[in-house]
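Overview (structure and organization)
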Amino acid sequence: MVLAWVLSLLALLSMLVIQLERLAALEVMSVNTYVEAQKQFIAAEKALLECEQHLSNITVIENPPCHIQSVGKNLWLLSSKLKPSLEILIFLDEKNNIVTRLNWRQNFE
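Now for a look at the structure at hand. Predicted model only: the values in this text are computed from it and were never measured.

Bringing the overall build of the protein chain into the picture now. When you go through the protein chain residue by residue, the secondary structure sums to 1 helix and 4 strands. Mapped in sequence order, the helices and strands of the protein chain form the string α-β-β-β-β. For 109 residues, the compact-globule estimate of 2.2 N^0.38 gives 13 Å, and the C-alpha radius of gyration of the protein chain, at 26 Å, exceeds that figure by more than 25%. Each principal axis of the C-alpha distribution contributes one length, and for the protein chain these read about 90 × 25 × 20 Å. Taken across its 109 residues, the protein chain has 17% of its residues classed as buried.

Turning next to the pattern of salt bridges. Evaluated as defined, the whole model comprises 3 salt bridges. The salt bridge involving Glu45 is made with Arg101; its shortest N-O contact spans 3.0 Å. Here Arg101 lies in strand β4 (residues 98–107) and Glu45 lies in helix α1 (residues 2–53), a separation of 56 residues in the sequence. Across the salt bridge formed by Arg105 and Glu87, the nearest N and O atoms sit 3.0 Å from each other. Here Arg105 is found in strand β4, whereas its partner Glu87 is found in strand β3 (residues 85–93), with 18 residues between them in sequence.

A word on the sheet that holds strand β1 (residues 66–72). The sheet built from 4 strands is open, its strands ordered β1-β2-β3-β4 with antiparallel pairing. Since the sheet does not close on itself, it has two edges, and those belong to β1 and β4, each with one partner. When strand polarity is set aside, the average angle formed by the axes of neighbouring strands in this sheet is 20 degrees. As defined by bridge partners, β1 adjoins strand β2 (residues 75–80) across 6 bridges and the pair is classed as antiparallel. Directly across from Ser70, in β2, lies its bridge partner Trp76.

On to the side chain of Glu87, then. On the accessibility criterion, Glu87 (14% relative accessible area) is buried. Residues in contact with Glu87, not counting those within four places in the same chain, are Leu48, Leu77, Leu78, Ser79, Asn103, Trp104, Arg105 and Asn107.

Scanning the model with the defined rule gives 1 aromatic pair in all. Between the aromatic rings of Phe41 and Trp104, the centroid separation amounts to 6.0 Å while the plane-to-plane angle is 65 degrees, which identifies the pairing as edge-to-face. Taken together, the residues Phe41 in helix α1 and Trp104 in strand β4 connect sequence positions 63 residues apart. Classification of Trp104 by relative accessible area gives partly exposed; the value is 46%.

The rules behind these values
Residues numbered from 1 in each chain as written. Predicted model: local features only at pLDDT ≥ 70, side-chain atom pairs only at ≥ 80, totals over all residues. Heavy atoms only, no water. Helix = DSSP H or I, 4+ residues; strand = E, 2+ residues; numbered from the N terminus. Rg over C-alpha atoms; globule rule 2.2 N^0.38 Å. Buried < 20%, exposed > 50% of the residue type's maximum accessible area, 1.4 Å probe, protein only. Salt bridge = Lys/Arg side-chain N within 4 Å of Asp/Glu carboxyl O. Pairing = 2+ DSSP bridges. Axes fitted to C-alpha atoms, helices over the stretch in contact; angles between N-to-C directions. Contact = heavy atoms within 4.5 Å. Phe/Tyr/Trp six-rings, centres within 6.5 Å; stacked < 30°, edge-to-face > 60°.

Set out below in structure tokens:
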């Protein structure tokens, strides 16, 4: 009887160790996914910032890292080509060459 109790206790402890190993592996994967997503988000934001800075003279950039679309009356919609796709709406004051960011959003597909 005692032997069966000890064996069941060992089985429970081994299952606990297995579950803890799985939990630790999932946590490592979660942290790696978070870090990678943050890097991609920063890269997409940098691409938009580059297009935003050179909007008045966009021909300076040979291969722009974003899609540029005019939405009328000095308003421009810029969206990144990278994932995650970010979109910003900006106002370009052509007299003073000042760019003002009105809003931004993440474009989910």
